[in-house]
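So you can see what is in the structure, the chains are spelled out below.
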Amino acid sequence: MAAPAQPKKIVAPTVSQINAEFVTQLACKYWAPHIKKKSPFDIKVIEDIYEKEIVKSRFAIRKIMLLEFSQYLENYLWMNYSPEVSSKAYLMSICCMVNEKFRENVPAWEIFKKKPDHFPFFFKHILKAALAETDGEFSLHEQTVLLLFLDHCFNSLEVDLIRSQVQQLISLPMWMGLQLARLELELKKTPKLRKFWNLIKKNDEKMDPEAREQAYQERRFLSQLIQKFISVLKSVPLSEPVTMDKVHYCERFIELMIDLEALLPTRRWFNTILDDSHLLVHCYLSNLVRREEDGHLFSQLLDMLKFYTGFEINDQTGNALTENEMTTIHYDRITSLQRAAFAHFPELYDFALSNVAEVDTRESLVKFFGPLSSNTLHQVASYLCLLPTLPKNEDTTFDKEFLLELLVSRHERRISQIQQLNQMPLYPTEKIIWDENIVPTEYYSGEGCLALPKLNLQFLTLHDYLLRNFNLFRLESTYEIRQDIEDSVSRMKPWQSEYGGVVFGGWARMAQPIVAFTVVEVAKPNIGENWPTRVRADVTINLNVRDHIKDEWEGLRKHDVCFLITVRPTKPYGTKFDRRRPFIEQVGLVYVRGCEIQGMLDDKGRVIEDGPEPRPNLRGESRTFRVFLDPNQYQQDMTNTIQNGAEDVYETFNIIMRRKPKENNFKAVLETIRNLMNTDCVVPDWLHDIILGYGDPSSAHYSKMPNQIATLDFNDTFLSIEHLKASFPGHNVKVTVEDPALQIPPFRITFPVRSGKGKKRKDADVEDEDTEEAKTLIVEPHVIPNRGPYPYNQPKRNTIQFTHTQIEAIRAGMQPGLTMVVGPPGTGKTDVAVQIISNIYHNFPEQRTLIVTHSNQALNQLFEKIMALDIDERHLLRLGHGEEELETEKDFSRLSSNTFELIP
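Treat the numbers as computed from the prediction; the structure is a model and nothing was measured.

## Let's talk about the overall build of the protein
A count of helical and extended segments in the protein gives 37 helices and twelve strands. Taken along the three principal axes of its C-alpha coordinates, the protein extends 100 × 90 × 75 Å. When each of the 904 residues of the protein is scored for burial, the buried share is 48%. Taking all contacts inside the protein whose residues are at least 6 apart in sequence as the whole, residues at least 24 apart take part in 72%. With the model as given, the accessible surface of the protein reaches about 46,500 Å², and the carbon-plus-sulfur share is 52%. Taken together, the 107 basic and 124 acidic charged side chains of the protein have centroids lying 2 Å from each other.

Structure, rendered in structure tokens:
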């Protein structure tokens, strides 16, 4: 395995270095905010800075960072921009500054929103520059900068100024770039679109020629950009040296295409344009994909683009497609191909008369269509509206390889997203752990693009939302795993012995050499699956270590995750390890596989179960652990061994590594996300669109919900009737008991339930919200059965006098809908959350409450405050590795016999 190139660390310049820079001296003269007497605007300053500082340094981040520090964009570039002074250097300087702001994760569009007048003119010139010839005024590197700027624009649709310009590029009129036959086919699929299309044509006829030409250019912009990219891609040679500017341009272009496909507002009309351009076919047949080193990232980005182009969603309605609907679409494509073959191509009769399952694999399609001539393949594609009609007595201009791939890739059977996910191994392997494109090092500067999904403001479907989080969390935990492996294995100092084996010159607390490894069980697959139900193995290690470290190894619990590692060092005994050099080549790391502990074996070979009973004392220092291997990974490895003659990975392991329990829950999280994606419905309807970033965010507030609860028992929330009245300013409080001596908590309050939008009464022109009835709260003091009046002889009760804002948060938390409590530290968020939990517990005793926190410490703080309220101890259960840190002598662990309801 090739060692990854070490990335360069970009260090922020010091104050003295900034002051010594030419840019800083110019800033002090022309635009620095602290300078009172500034020199007048000079366009030559922008030209000089762009040529001498940016282009000459090949767009070095350090130079652009200095310009950003000096507020170049805000105080000089955009403030003085106008059509009269616009030039190439001016446009490129603004794009560089905006891209740098996005790289540094600071707001980029604020200055444009303050002075928006010239932005439409500026944006149109950017579009024109992006389509310029690669060997013309704008170099390929400069056009890559423009692509990145456009990508940021398309990802900023929440900004009104940006959206008003971008919408002209991605609306229905962009279908003018389609072939006529394909356009008719798409309009026939969705009949209501024809009405809109005819209206667009009428409006175009009313435009003057100049406006019509400008609109035409905007609508065809993305189509022309795709064609330009294809020409750049075809200029990449197969084996001769290639400039990295071309490679980076191609990578950034595919990133732009992914972002356009991954957002519903941009995808809706663009996906058809992309499909009609056959971009994916051109890319997969390109030389860049075949260049192993230069095209590695490009290939990974291409796989992401392919995933999103075939995403299981209806582009017009935005509804997620079921597996049956995706199968129907696939069958429709195959049968339309079979009908065309039957009607016009006698040589394809066998294909036309076969059943779908027999002909929809890649092998079958290649077998039927491979012998056909290029002209025949073109004619087949034109009948399907994939290519223009081939004129009579003319040969096609397309390669046979392209035509064949076009038909095969479009009609081959695809594995559904859920099936792909279920077949994916959850543990990272050595190929992923040290891949800089998907798991960058801590020195990643944001300069290049990565083959990673982005967490935008909007998502296509719930499956898309969960899948992006699944992939990002998987890779985030992979980064931490890489650090642990590098630390532990380098401490063990693996060297090559005199006889070619492995000898360990050091030791590590978190890793041990493996004495023996045996796969003991490979269970049969479930029906419909091709991977084993479970795979178990025994790992034997020799714990000749200090007692406290030995206890840590023996204390490995069920479900703890470990890693099995194979190293074959090539360095002789005594070689020093240098942490600054690539890790893999120094230690000779070959394989990494994950496993999950089932338990340690006793003297009789049985698994020692976790429980309240004390563990048996084992003799000697040899310990054997029974572990579960990942069935999907095992299946892939065994298939690779049998089909390709590769080495059996499971006969090579010589190191087992464990991790700290608090940092090692990644597999459980990934399994949970995967299980959620295998269920039909995960979130309620009122929350669904909000998670995806569509609709009105306030629609999930309890006041907008149709199922509001009128009467709520606030239990011990209020300390007195005065506290209650102060908590609802602007409301009339009507107590059902007149005697002041009986007006004591706990209180049950009946609220006037409003319609979410304040509907008007039939007998008045006043909205419900403004009536006297809508402002009246009916308060009923009540006595808890068998406990007497408040404080009902219970020492556990609330003693905090909540403010009216906190009371509103507590009320919202007790109602259906989404409640978010936000505030700086010390404002009582934890106390409010605890009171909500207590009130839910008393109002809905038949339900269970799940508490999830970002850390053990936060959960323990909540738990300790919950224990101080009137909640039965039998109903509390604390899960996780932090339960031993609870400041209580009582046992709330899952091994406690008196717990039967789940709260945290």
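Let us keep going from here.
## Details of the pattern of salt bridges
What the rule picks out here adds up to 51 salt bridges. Linking aspartate 487 and arginine 491 is a salt bridge whose minimum nitrogen-to-oxygen distance equals 3.1 Å. Taken together, the residues span about one helical turn, with aspartate 487 and arginine 491 both in helix H28 (residues 462-492) at a distance of four residues. Across the salt bridge formed by arginine 606 and aspartate 602, the nearest N and O atoms sit 3.6 Å from each other. Relative accessible area serves as the criterion here: at 18%, aspartate 602 is assigned to the buried category. Taken together, the salt bridges that share partners define one network made up of Arg182, Glu186, Lys189, Asp275, Asp276 and Arg410.

## Observations regarding unusual backbone geometry
The step from proline 745 to proline 746 runs through a cis peptide bond, and the omega angle for that step is 5 degrees. For proline 746, the position within the fold is in the loop between strand S10 (732-735) and strand S11 (747-750). A positive phi angle, near 65 degrees, is found at cysteine 385, a position not held by glycine. Residue position: cysteine 385 is located in the loop between helix H24 (374-383) and helix H25 (400-411). Despite not being glycine, asparagine 393 has its phi angle at roughly 60 degrees, a positive value. With respect to the helices and strands, the residue asparagine 393 is situated in the loop between H24 and H25.

## Some thoughts on the sheet that holds strand S9 (residues 711-713)
On the basis of which strands lie adjacent, the open sheet formed by four strands has the order S9-S11-S12-S10 and mixed pairing. Of all the strands in the sheet, just S9 and S10 have a single pairing partner and so form its edges. In this sheet, adjacent strand axes meet at a mean angle of 25 degrees when their direction is disregarded. Bridge count for S11 against strand S12 (residues 776-781) is four bridges, and the pairing is antiparallel. Across the sheet, residue arginine 748 finds its bridge partner in S12, namely glutamate 780.

## Digging into the side chain of glutamine 806
Mapping glutamine 806 onto the fold places it in helix H35 (residues 804-814). Here threonine 827 takes part through its backbone oxygen, which lies 3.0 Å from a polar atom of the side chain of glutamine 806. Ignoring any residue separated from it by four or fewer positions in sequence, one finds glutamine 806 in contact with Thr827, Gly828 and Val832.

## Regarding the packing of helix H4 (residues 61-69) against helix H6 (residues 88-103)
For any two helices packed against each other, one specifies the crossing angle of their axes together with the interaxial distance. Between H4 and H6, whose axes approach to 10 Å, the crossing angle comes to 95 degrees. Between H4 and H6, the interaxial angle falls into the category roughly perpendicular. Along the contact surface, H4 presents Ile61, Ile64, Met65, Leu67 and Glu68, while H6 presents Cys96, Met97, Glu100, Lys101 and Arg103. For the contact of H4 with H6, the per-class residue count stands at six nonpolar, no polar and four charged.

## Observations concerning the nonpolar core
Judged by nonpolar contacts, the single largest core of 113 residues is most densely connected at Trp175 and Phe229. Of all hydrophobic cores here, the second largest spans 31 residues; its members include Ile485, Ala508, Phe666 and Met677.

## Describing helix H20 (residues 323-344)
The end-to-end C-alpha distance of H20 is 32 Å, a good match for the 32 Å that 22 residues give at a rise of 1.5 Å each. Turning to H20, its buried residues are His330, Ile334, Leu337, Gln338, Ala340 and Ala341. The buried residues of H20 occupy an angular sector of 160 degrees when projected down its axis, which confines them to one face. Across H20 from its buried face, at more than 90 degrees, point the exposed residues Asn324, Arg339 and Ala343. On its buried face, H20 sits against helix H21 (349-352), helix H22 (356-359), helix H23 (362-369), H24 and H25.

## Focus on the environment of methionine 820
Mapped onto the elements, methionine 820 comes out in the loop between H35 and helix H36 (829-843). Residues methionine 820 and proline 116 lie 704 residues apart in sequence; the distance between their C-alpha atoms is 34 Å.

## Structural notes on the packing of aromatic side chains
One pass over the structure, following the stated rule, counts 46 aromatic pairs. Taking 5.6 Å as the distance between ring centres and 75 degrees as the angle between the ring planes, the aromatic pair formed by tryptophan 78 and phenylalanine 122 counts as edge-to-face. Residue tryptophan 78 is located in the loop between helix H5 (72-77) and H6, and its partner phenylalanine 122 is located in helix H8 (residues 119-130); the two are separated by 44 residues in the primary sequence. The buried category is assigned to tryptophan 78, whose relative accessible area is 1%. With centroids separated by 6.0 Å and ring planes inclined at 25 degrees, the aromatic side chains of phenylalanine 119 and phenylalanine 123 adopt a geometry described as stacked. A residue pair is termed a helical-turn pair when its members lie 3 or 4 positions apart in one helix, as phenylalanine 119 and phenylalanine 123 do in helix H8 at four residues.

## Observations regarding the sheet that holds strand S7 (residues 622-629)
Within the closed barrel, the six strands sit side by side as S3-S4-S7-S6-S5-S8. Their pairing is antiparallel. Sheet twist, expressed as the mean angle between neighbouring strand axes with direction ignored, is 45 degrees. Across five bridges, the pairing between strand S6 (residues 589-600) and S7 is antiparallel. Within S7, the position partnered with glycine 599 by the bridge is arginine 626. Along the sheet, H28 makes contact with strand S3 (511-522), strand S5 (561-567), S6 and strand S8 (655-658), crossing S8 at roughly 130 degrees.

The rules behind each value
Residues numbered from 1 in each chain as written. Predicted model: local features only at pLDDT ≥ 70, side-chain atom pairs only at ≥ 80, totals over all residues. Heavy atoms only, no water. Helix = DSSP H or I, 4+ residues; strand = E, 2+ residues; numbered from the N terminus. Buried < 20%, exposed > 50% of the residue type's maximum accessible area, 1.4 Å probe, protein only. Contact = heavy atoms within 4.5 Å. Areas by Shrake-Rupley, 256 points an atom, 1.4 Å probe, with all protein chains shown as cover. Lys, Arg positive; Asp, Glu negative; His and termini not counted. Charge placed at Lys NZ, Arg CZ, Asp CG, Glu CD. Salt bridge = Lys/Arg side-chain N within 4 Å of Asp/Glu carboxyl O. Pairing = 2+ DSSP bridges. Axes fitted to C-alpha atoms, helices over the stretch in contact; angles between N-to-C directions. Polar contact = N/O pair within 3.5 Å; in protein donor to acceptor, adjacent residues only side chain to side chain. Parallel < 35°, antiparallel > 145°, perpendicular 65-115°, else oblique. Nonpolar A, V, L, I, M, F, W, Y, C, P; charged D, E, K, R; others polar. Core = buried A, V, L, I, M, F, W, Y, C linked by side-chain atoms within 4.5 Å. Expected span 1.5 Å × (residues − 1). Arc of directions from axis to C-beta. Phe/Tyr/Trp six-rings, centres within 6.5 Å; stacked < 30°, edge-to-face > 60°.

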